[in-house]
Each structure stands twice: as structure tokens, then as C-alpha cells.
Amino acid sequence: MSQSPFPAVAAQPDLAAQEHRTLDFWRARSIFAKLRAQNAGHEHWSFVDGPITANNPMGVHHAWGRTYKDSFNRYHAMLGKELRWQQGFDCQGLWVEVNVERELGFTSKKDIETFGIAEFVRLCKQRVLTYAAVQTEQSIRLGYWMDWNDPHELRRLRDLLEQDPSQVITVEGPDGLVTDTVEMVVGRLGLPEVGGSYFTFSNENNDLIWAFLAECDRRGWLYRGIDSMPWCTRCGTGMSQMEMNEGYSDREDPGLTVRFKLVERPGESLLVWTTTPWTMTANVAAAVHPDLDYVLVEQGGEERFWVGKVALKTAVQGDFKVVDTQKGSFLLGLHYTFAFDDLPVAQEAFAGGVDETGQAPYRHRIIEWSEVGEDEGTSIVHIAPGGGAEDFQLGKQLQLPVIAPLDEAGHYVKGFGKFEGLDAAGVAAEIIEELEALDFYYHLEPYTHRYPHCWRCGTALLFRVVDEWYISMGEVYDQPRETLTEEQVEASLRYQIMELVDHIEWYPSFGHDREIDWLFTMGDWMISKKRYWGLALPIWECTAEDCESYQVIGGREELSEAASSGFEALEGRSPHRPWVDEVVVPCR
């Protein structure tokens, strides 16, 4: 019997040892380098890596995704195609900041500013380099073929950053030696002259985004606006729609029902429900659906309450008698009083507003809203434009006054009487006490629901009126896409992105439909974060009191030409805070 050419397989093979033997074989014989040389100059196949944040070691889910990516690359390499073989690391943003803050024991943005922004940003860079090295080693162990940086070199650069970021060093690149300051070498990682993985904190990446934002401004898409946005009080920053959707989890809140006392119908009140008692101080209106049924119930012979018919048995506590039934349209335009009408901020906001006839001052009133439903609460919705995104948009449409209760830390600002300085997230007891004292309280019970939390630190989000920078996604047209004119598409960024989505081959195919649906429903893109370790927006605003002009700078070279002072602070530095804050650009 002839001998088998294959070695015997053990009954219980040591799989890890086999993997190491394979890795050693690849390394000893330079298999990856030979593959690249073999395919050099052939048909190009481009692979763009969606990077992992270099913030912690890889998880199993990262390894899973990287295995898919490696399979695609190897398949096209086996077809003889030339690849760039470059993967990336996401480097900037709150994920990194929050972990550095935890290591330092910080609990708020004030701690960072006391510590020093420059020192904090350096620690963020160092953390990225630390975990880029760790993830590189993990990926090599996984068998993922890429043009990897030497992990020891990444750690050396990390340590040199701590010693002196301005010291001049020389590193070896693919085509020769590269000499620069430590900080600028780190900022050139992934560029052709240095090689290796790309890093999103690179000077080039930041420069390209500055150019993109300048182009957005040139096309009229960039604007500064006021909105009521989800806000993390611990991180001190607003959240985009996508970020908010990442952080929903179950939470128990106080389900509070209050009375809004009708002016034109003495002895009658609306029963209104909320799970955010703190927003009651910012109430300006109550909304009903004109086509839903509402009932007037009597309790105790004297009190009468309006409530949605479907919500009757859950919203009304105790015995009651139905004395009237009407459509929501019957209630529209009625006015009411509430517990917090005498707060200075409410007095000021109402004095500056107008009622439904266009006359000052504004008065609480019942408004129409087609989004009012029967699934929860009382079918009468408390409207506080200063405490909710939908409320804000509705208020904008109806020109309702806005009462903005909170500062960055989620505390009540001046003008809110006894609530001034209190943490809104923990003020329910004080609100309820005031409601009871003024006879506007009705009922309280715990309510468990899905609620948005900060997807980075886990803090429950509050909605806050903010002044931020946005990229306009453009109008959503009430017509089929195929009927749009070139001018309509040119005027709306969302449709331009849709055209690109149409040219992508999606696996599975329903990914195309999901992406198009997301683009249809996407709001304007909030790009300002009011944080430290991230892209510094290249927007210089005039500080003159009566001037609203601003300039969007398209890159470092353009900034050097536009600056009147402070540019020297950026010499040898990456375009991050605090150094970019030193640059002064005169008003045009």
C-alpha cells in the first residue's frame, strides 16, 4: 500500500498551534510580500475599510467582520488583482474621550478644562496609538492580511508623544526615511510616505473634511440653527438622530398626569400625561387630534376632566360619570392656565409671543396635531418646544413661544424660581410638590418604556434647545424620484446621495431599500459637538455684536493665508483644539 502524501491528523488536533505554524510559515517566507509583488501592476481592485475605533481591544464581532473583509481581499488577490491592502482606525470623538475621562476619574467637561485641553488631547492620541497597536496584533493573529504598522513602533510613537511632541524624529517609510516632529509623524500615519494603516486623526483626513465643509458652505448647505436636540448632560454635547437611535434601552420614569384648567369653561380641565416632569415648566400648549373622540367626565360632583375616550379607563382614577362626548375639534382654540405661568421665563416668553389672532401676549391654548394618538397617556399631549424635538418643530410651524429650561449640565437656568440650579433629571419630586400645592396635580404612577440614552456613557438623554451647525439634507419632494428635475436634485443633498446609492450593488439587496428609506427620513446633519478630541470645525465667526458673518476655511494652507494672528500655534501641530482655537481670522 502506497504511503499517503498527507501527514496524519491527530484525533484531537491543536488548532491554535496549527494557526501559529501557518502564521510562522507566512512570516518566514514573506508570503504576503510575494503576493503583493506578484500582482503589482495588474488590474486594480479597491477595498475601502470601515474602521474600528482604536479605543479598546477588538471584540469577537470585530474579528467576525474582519474575517469577511479578509476573505474578499484574498479572493480578488487570487484573481491576480492588485490591492492597496490598507485598513484603518477610527480615532476621534467621544468614544475615546469618555474612556480617557474614566481613567482620570473625570465626571464632566469642566474637569477636562481644569486639567487642560492640550494635555487631554495628547492622552486621547496616546490611547488611540495604544489600542491601534493592540488591534494590529490581534488582527495579525487572526490571519488578516494588510499593510500593518509595526505595533512596537506605534507604542514608541505613543511614548515619544508623552515625552515631547515637538521633538524631531526620523522614521522609516516605504520609500525612505521621513523626518518630522513626533506630532506631525503621528499625523502622517497612513499617508504614502509613512505607510501602514490609515488613522482618521491624520492631518490629511482633517484637511479633506475642512475642504468638504467649505464646499458645503459654497453650495449653501451649511447653516447655524436653533433646535431642540437630544443632549447628554455628562458629555455636555448634542446627539445626532443616528446616535440617539443607538442608545435606546428600557427605563422606568414617573408617569405624571396633571390638570390644565380651561379658561372659557370654568370648572373643567384637561388631563395631560407626561413621563418627563421637568418639561412641565416649559409647557406652552396642549395638542389634540381633531378626529379622535374625547369625553368630559365628572368626579365628586364638582370636578370635570376632558380625556381621550380610548384612554378613559386607564387615565381617570376612581369613580366617574361621562357627561359629554366630542371630537377633538371641539376643544381647539380653548385657553387654559397652568402651575408655572408666573415663572419669570414664562412671563417673558409669553409677553414676546402672540396668540392665534396675532395679538400679544401669547396664551396657553389647545392646538391641532395629527400625531396625537390613543396608544398611551390621555390622548392630550403636553407641548414644550424647549423640551422635545417634535414639540420644537410643531412650535416652529405654529409660531409658539419657546421656553428653554436647561444649561449644558442639565440644570435649570435663571428665571425658573425655586427650580433654578436643580438637576432636571432628578427634579420630579419638587415638580409634583409644586403641582399639588397649586392644585394642578392629578395622578402619578411608574411607567416603563424605551428611552434614549447616550450610547457612549449610558446617561439618559434630555432634550435641550441648542445653537449648533448643520449640513442641510435638503427638501423632501412630494413626487416620485424619477420625475425630479436636475435642478431639484442639485438643490437637495439627500437626492444626490440617493443617486450614488442606486449605483451600489447591495448584498443583501434589501440594504438598498433601507438606505433609501433612511435618507428620506434623515433630518439635517448636526456637525458641531462642543467637545475637545475631534475634528475642529473650520468655521470662524465674527465676534462683533451686530455682525453675523462667518468664514469656512478649506484647509491648513488656506488658513495660513487668511489668519491675522495665532497661526504659529498650529506650526508642528495637528489641527485640533486647543491650538486651532488660537488662530484669528479677520472678518471680511
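Computed from a prediction, not measured in an experiment: that's the story for all the values here.

A look at the confidence of the model for the protein chain
In the predicted model, the protein chain carries a mean pLDDT of 94, and the fraction of residues at 70 or more is 100%. Here helix α10 (residues 241-246) stands out as the least confident element of the protein chain, with mean pLDDT 81; strand β14 (residues 336-337) is the most confident, with 98.

Notes on the packing of helix α3 (residues 60-78) against helix α6 (residues 117-142)
Contact geometry of α3 with α6 gives a least axis separation of 11 Å together with a crossing angle of 55 degrees. Our classification of the angle between α3 and α6 gives oblique. Between α3 and α6 lies a crossing of right-handed hand. Counting all contacts with α3, which are made through A63, R66 and T67, the residues of α6 involved are Q135, S139 and L142. Per-class residue counts for the contact of α3 with α6 are two nonpolar, three polar and one charged.

Brief notes about the layout of surface pockets
To find leftover empty space, a probe the size of one water molecule is rolled over the atoms. Taken as a whole, the second largest pocket encloses approximately 420 Å³ of empty space. Around the second largest pocket, the lining is made up of 17 residues, and of these F32, I140, W145, M146 and W148 lie nearest the centre. Elements represented by at least two residues in the lining of the second largest pocket include exactly α1 (15-28) and α2 (31-39). It is α2 that provides the largest number of residues to the lining of the second largest pocket, a total of four residues. Tallied by class, the residues present in the lining of the second largest pocket amount to 10 nonpolar, three polar and four charged.

What about the side chain of R66?
Mapped onto the elements of the fold, R66 is located in helix α3. One buried charged side chain, R66, makes no salt bridge at all; its nearest oppositely charged neighbour is D49, positioned 4.3 Å away. A polar side-chain atom of R66 sits 2.3 Å from a polar atom in the side chain of Q87. Not counting residues within four places of it along the chain, the set of residues in contact with R66 comprises D49, I52, M58, Q87, G88, Q135, S139, L142, Y144 and W148.

Considering the pattern of salt bridges
Think of it this way: side chains of opposite charge can pair up when their charged atoms draw near. In total, this model carries 36 salt bridges according to the counting rule given. R456 is the partner of E243 in a salt bridge, and the nearest nitrogen-oxygen pair spans 2.6 Å. Remark: R456 occurs in the loop between β17 (441-452) and β18 (462-471) and E243 occurs in helix α10; sequence separation between them is 213 residues. Where K261 meets D439, a salt bridge forms, and the shortest distance between an N and an O atom there is 3.3 Å. Remark: D439 occurs in the loop between α14 (428-437) and β17 and K261 occurs in strand β8 (residues 248-262); sequence separation between them is 178 residues. In this structure K261 comes out as partly exposed when scored by relative accessible area, which is 25%.

As for the packing of helix α16 (residues 493-502) against helix α17 (residues 510-521)
Two measures define how a pair of helices packs: the angle their axes make with one another and the distance between the axes. Between α16 and α17, the shortest axis-to-axis distance is 10 Å and the interhelical angle comes to 175 degrees. Relative to α17, α16 is oriented roughly antiparallel. Residue-level inspection shows R494, Y495, I497, M498, V501 and D502 of α16 in contact with α17, the latter providing H512, E515, I516, L519, F520 and T521. Along the lines of polarity and charge, the residues of the contact of α16 with α17 split into seven nonpolar, two polar and three charged.

Some words on the pairing of strand β6 (residues 222-232)
Among the 11 residues in β6, eight count as buried, and that is most of the element. Across 10 bridges, the pairing between β6 and β18 is antiparallel. Bridged to G225 within β18 is E468. Relative to strand β7 (residues 237-238), β6 is paired through two bridges, and the arrangement is antiparallel. Within the sheet, the bridge partner assigned to W231 lies in β7 and is G238.

What to know about the sheet that holds β7
The sheet built from four strands is open, its strands ordered β7-β6-β18-β19 with antiparallel pairing. Looking at which strands have only one partner, the edges of the open sheet turn out to be β7 and β19 (525-526). Note that β18 and β19 share two bridges and pair antiparallel. The residue bridging Y470 from the neighbouring strand is M526, located in β19.

Considerations on the sheet that holds strand β5 (residues 198-199)
Within the open sheet, the three strands sit side by side as β1-β2-β5. Their pairing is parallel. Among the strands making up the open sheet, the edge pair consists of β1 (52-53) and β5. Sheet topology places strand β2 (residues 88-90) next to β5; two bridges connect them, and they run parallel. Counterpart to F89 in the pairing with β5 is F199.

Section: the environment of E571
Take E571: it is sitting in the segment after α18 (556-562). Here E571 falls in the exposed class, since its relative accessible area comes to 53%. Put simply, E571 and S560 are 11 residues apart on the chain and 9.9 Å apart in space, counted from C-alpha to C-alpha.

Some thoughts on the nonpolar core
Core analysis: the biggest nonpolar cluster contains 53 residues, and L270, F338, F340, I403 and L435 have the highest contact counts within it. For this core, the secondary structure elements donating two or more residues are β8, β9 (268-274), β10 (285-288), β11 (293-299), α12 (344-351), β15 (365-368) and α14. Not counting the four nearest positions on each side in its chain, L270 is found in contact with V258, R259, F260, L262, A286, W306, L331, I366 and I380. With 43 residues, the next largest nonpolar core counts V96, V121, A133 and A536 among its residues.

So, empty space enclosed by the protein
Tallying each qualifying case throughout the model produces one cavity of 30 Å³ or more. Of the volumes computed, that of the largest cavity is approximately 40 Å³. Lining the largest cavity are M280, T281, N283, F338, F340, D341, A346, F350, H364 and I403. Its residues placed into classes, the lining of the largest cavity shows six nonpolar, three polar and one charged.

What counts and how
- Residues numbered from 1 in each chain as written.
- Predicted model: local features only at pLDDT ≥ 70, side-chain atom pairs only at ≥ 80, totals over all residues.
- Heavy atoms only, no water.
- pLDDT = per-residue confidence, 0-100.
- Helix = DSSP H or I, 4+ residues; strand = E, 2+ residues; numbered from the N terminus.
- Axes fitted to C-alpha atoms, helices over the stretch in contact; angles between N-to-C directions.
- Parallel < 35°, antiparallel > 145°, perpendicular 65-115°, else oblique.
- Left-handed = near helix turned anticlockwise from the far one by under 90°.
- Contact = heavy atoms within 4.5 Å.
- Nonpolar A, V, L, I, M, F, W, Y, C, P; charged D, E, K, R; others polar.
- 1 Å grid on protein atoms, 1.4 Å probe; cavity = no way out; pocket = protein on both sides within 12 Å on 5 of 7 lines; lining within 4 Å.
- Points joined across faces, edges and corners; volume = space filled by probe spheres on them.
- Buried < 20%, exposed > 50% of the residue type's maximum accessible area, 1.4 Å probe, protein only.
- Lys, Arg positive; Asp, Glu negative; His and termini not counted.
- Salt bridge = Lys/Arg side-chain N within 4 Å of Asp/Glu carboxyl O.
- Polar contact = N/O pair within 3.5 Å; in protein donor to acceptor, adjacent residues only side chain to side chain.
- Pairing = 2+ DSSP bridges.
- Core = buried A, V, L, I, M, F, W, Y, C linked by side-chain atoms within 4.5 Å.

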